[in-house]
Amino acid sequence: MKVITIKQPFASLIAAGIKEYEFRTWKTKYRGEILIHAGKGIDKKAMKKFEEYGLEYPSGCIIAKANLSDCIKVDDEFRKVLFEKNPKVYNSIIKHVEWDGYGFKLDNIEKIEPIPAKGKLSIWEM
(Lines give C-alpha, C1' and ligand atoms only; values in the text may rest on other atoms or scores of the structure.)
Protein backbone atom coordinates (compact mmCIF):
# COMPACT_ATOMS: atom_id res chain seq x y z
CA MET A 1 0.00 0.00 0.00
CA LYS A 2 1.32 3.46 -0.90
CA VAL A 3 1.80 6.05 1.86
CA ILE A 4 2.70 9.75 2.02
CA THR A 5 4.07 11.42 5.15
CA ILE A 6 2.66 14.86 5.93
CA LYS A 7 3.45 17.33 8.74
CA GLN A 8 0.87 18.26 11.31
CA PRO A 9 -1.55 20.03 11.29
CA PHE A 10 -1.88 19.33 7.56
CA ALA A 11 -2.26 15.56 7.93
CA SER A 12 -5.17 16.05 10.32
CA LEU A 13 -6.74 18.68 8.05
CA ILE A 14 -6.70 16.07 5.29
CA ALA A 15 -8.07 13.33 7.57
CA ALA A 16 -10.93 15.66 8.55
CA GLY A 17 -11.74 16.37 4.88
CA ILE A 18 -10.86 20.07 5.22
CA LYS A 19 -7.78 19.95 2.98
CA GLU A 20 -8.07 18.00 -0.28
CA TYR A 21 -4.75 18.90 -1.90
CA GLU A 22 -1.25 18.11 -0.69
CA PHE A 23 1.61 20.08 -2.22
CA ARG A 24 5.07 18.96 -3.28
CA THR A 25 7.86 20.33 -5.46
CA TRP A 26 7.86 17.07 -7.42
CA LYS A 27 5.18 15.42 -9.52
CA THR A 28 3.91 11.87 -9.35
CA LYS A 29 2.40 9.55 -11.91
CA TYR A 30 0.91 7.41 -9.15
CA ARG A 31 -2.89 7.29 -8.98
CA GLY A 32 -4.86 5.17 -6.56
CA GLU A 33 -5.36 4.44 -2.90
CA ILE A 34 -2.90 6.09 -0.54
CA LEU A 35 -2.50 6.20 3.23
CA ILE A 36 -1.92 9.51 5.01
CA HIS A 37 0.91 9.31 7.55
CA ALA A 38 1.11 12.07 10.17
CA GLY A 39 4.82 12.65 10.52
CA LYS A 40 6.60 13.79 13.65
CA GLY A 41 7.18 17.24 12.13
CA ILE A 42 4.89 20.00 13.36
CA ASP A 43 4.29 23.45 11.90
CA LYS A 44 3.60 25.39 15.12
CA LYS A 45 2.47 28.55 13.32
CA ALA A 46 -0.07 26.56 11.31
CA MET A 47 -1.25 24.75 14.46
CA LYS A 48 -2.31 28.11 15.91
CA LYS A 49 -3.90 29.17 12.62
CA PHE A 50 -6.14 26.09 12.55
CA GLU A 51 -6.91 25.67 16.27
CA GLU A 52 -10.55 26.73 15.66
CA TYR A 53 -11.16 23.35 13.97
CA GLY A 54 -10.57 21.54 17.30
CA LEU A 55 -8.72 18.66 15.66
CA GLU A 56 -6.48 16.10 17.30
CA TYR A 57 -2.92 15.99 15.99
CA PRO A 58 -1.41 12.54 16.40
CA SER A 59 2.10 12.01 15.08
CA GLY A 60 4.14 9.05 13.92
CA CYS A 61 1.10 7.16 12.66
CA ILE A 62 -1.19 6.59 9.70
CA ILE A 63 -4.44 8.46 10.29
CA ALA A 64 -6.40 8.32 7.01
CA LYS A 65 -6.75 6.73 3.62
CA ALA A 66 -7.64 8.48 0.40
CA ASN A 67 -7.52 8.19 -3.35
CA LEU A 68 -4.77 10.20 -5.08
CA SER A 69 -6.68 11.10 -8.24
CA ASP A 70 -4.58 13.81 -9.88
CA CYS A 71 -1.31 15.73 -9.83
CA ILE A 72 -1.85 19.33 -10.89
CA LYS A 73 0.83 21.90 -11.77
CA VAL A 74 0.36 24.92 -9.50
CA ASP A 75 -0.17 27.99 -11.70
CA ASP A 76 -2.26 31.17 -11.45
CA GLU A 77 -5.43 29.42 -12.63
CA PHE A 78 -5.05 26.64 -10.05
CA ARG A 79 -4.36 29.23 -7.33
CA LYS A 80 -7.77 30.79 -8.15
CA VAL A 81 -9.42 27.38 -7.72
CA LEU A 82 -7.71 26.97 -4.34
CA PHE A 83 -8.79 30.45 -3.24
CA GLU A 84 -12.42 29.61 -4.06
CA LYS A 85 -12.20 26.31 -2.17
CA ASN A 86 -10.67 27.55 1.09
CA PRO A 87 -8.40 30.60 1.21
CA LYS A 88 -7.43 29.94 4.84
CA VAL A 89 -6.20 26.39 4.20
CA TYR A 90 -4.48 27.16 0.90
CA ASN A 91 -3.25 30.68 1.75
CA SER A 92 0.48 29.86 1.59
CA ILE A 93 0.16 28.39 -1.93
CA ILE A 94 -2.11 31.21 -3.11
CA LYS A 95 0.26 33.96 -1.90
CA HIS A 96 3.56 32.42 -3.02
CA VAL A 97 3.20 32.96 -6.76
CA GLU A 98 6.88 32.18 -7.27
CA TRP A 99 6.47 28.70 -5.72
CA ASP A 100 6.83 26.04 -8.39
CA GLY A 101 5.22 22.74 -7.53
CA TYR A 102 2.32 20.33 -7.75
CA GLY A 103 -0.97 19.72 -5.96
CA PHE A 104 -1.86 16.10 -5.29
CA LYS A 105 -5.69 15.84 -5.42
CA LEU A 106 -7.07 13.60 -2.69
CA ASP A 107 -10.59 12.17 -2.99
CA ASN A 108 -12.66 9.76 -0.89
CA ILE A 109 -10.78 10.72 2.26
CA GLU A 110 -11.56 8.51 5.22
CA LYS A 111 -10.21 8.97 8.73
CA ILE A 112 -9.02 5.71 10.31
CA GLU A 113 -7.85 4.54 13.72
CA PRO A 114 -4.18 5.53 14.05
CA ILE A 115 -1.63 2.89 13.04
CA PRO A 116 1.89 3.53 14.40
CA ALA A 117 4.47 3.80 11.61
CA LYS A 118 7.75 5.52 10.82
CA GLY A 119 7.54 8.01 7.98
CA LYS A 120 9.68 8.27 4.89
CA LEU A 121 10.30 10.75 2.11
CA SER A 122 8.34 10.74 -1.14
CA ILE A 123 5.55 8.23 -1.68
CA TRP A 124 6.56 5.03 0.04
CA GLU A 125 5.38 1.46 0.36
CA MET A 126 3.95 0.11 3.63
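Just above sits the structure.
Residues numbered from 1 in each chain as written. Predicted model: local features only at pLDDT ≥ 70, side-chain atom pairs only at ≥ 80, totals over all residues. Heavy atoms only, no water.

Caption draft 1: Geometry of the sheet that holds strand 3 (residues 32-42). The sheet built from six strands is open, its strands ordered 2-5-4-3-1-6 with mixed pairing. Edge strands, defined here as strands with exactly one partner in the open sheet, are strand 2 (21-24) and strand 6 (123-125). Averaged over all pairs of adjacent strands, the angle between strand axes in this sheet comes to 45°, irrespective of strand direction. Across six bridges, strand 1 (residues 2-8) lies against strand 3 in parallel orientation. Bridge pairing in strand 3 places Thr5 opposite His37. The strands that helix 3 (residues 76-85) touches are strand 2, strand 4 (61-73) and strand 5 (102-116); relative to strand 2, the one it contacts most, it runs at about 140°. (Pairing = 2+ DSSP bridges. Helix = DSSP H or I, 4+ residues; strand = E, 2+ residues; numbered from the N terminus. Axes fitted to C-alpha atoms, helices over the stretch in contact; angles between N-to-C directions. Contact = heavy atoms within 4.5 Å.)

Caption draft 2: View of helix 3. Residues of helix 3 that are buried include every one of Phe78, Arg79 and Leu82, and no others. The buried residues of helix 3 occupy an angular sector of 105° when the element is viewed end-on, so they sit on one face. Within helix 3, the exposed residues directed more than 90 degrees away from the buried face are Asp76, Glu77, Lys80 and Glu84. With a side-chain oxygen positioned 3.2 Å from the backbone nitrogen of Glu77, the residue opening helix 3 is Asp75. (Buried < 20%, exposed > 50% of the residue type's maximum accessible area, 1.4 Å probe, protein only. Arc of directions from axis to C-beta. Polar contact = N/O pair within 3.5 Å; in protein donor to acceptor, adjacent residues only side chain to side chain.)

Caption draft 3: Looking closely at the pairing of strand 2. Here strand 2 shows a buried face lined by Tyr21 and Phe23 and a second buried face lined by Glu22 and Arg24. Bridge count for strand 2 against strand 5 is four bridges, and the pairing is antiparallel. Among the inter-strand pairings, Glu22 is bridged to a residue of strand 5, identified as Phe104.

Caption draft 4: Broad picture of the side chain of Gln8. Within the element layout of this structure, Gln8 appears in strand 1. A polar contact of 2.9 Å, which involves the side chain of Gln8, links it to the side chain of Ser12. Engagement of the side chain of Gln8 in a polar contact is seen with the backbone oxygen of Pro58, the distance being 2.7 Å. Ignoring sequence-local partners within four residues, the contact set of Gln8 consists of Ala38, Gly39, Gly41, Ile42, Asp43, Met47, Tyr57, Pro58 and Ile63.

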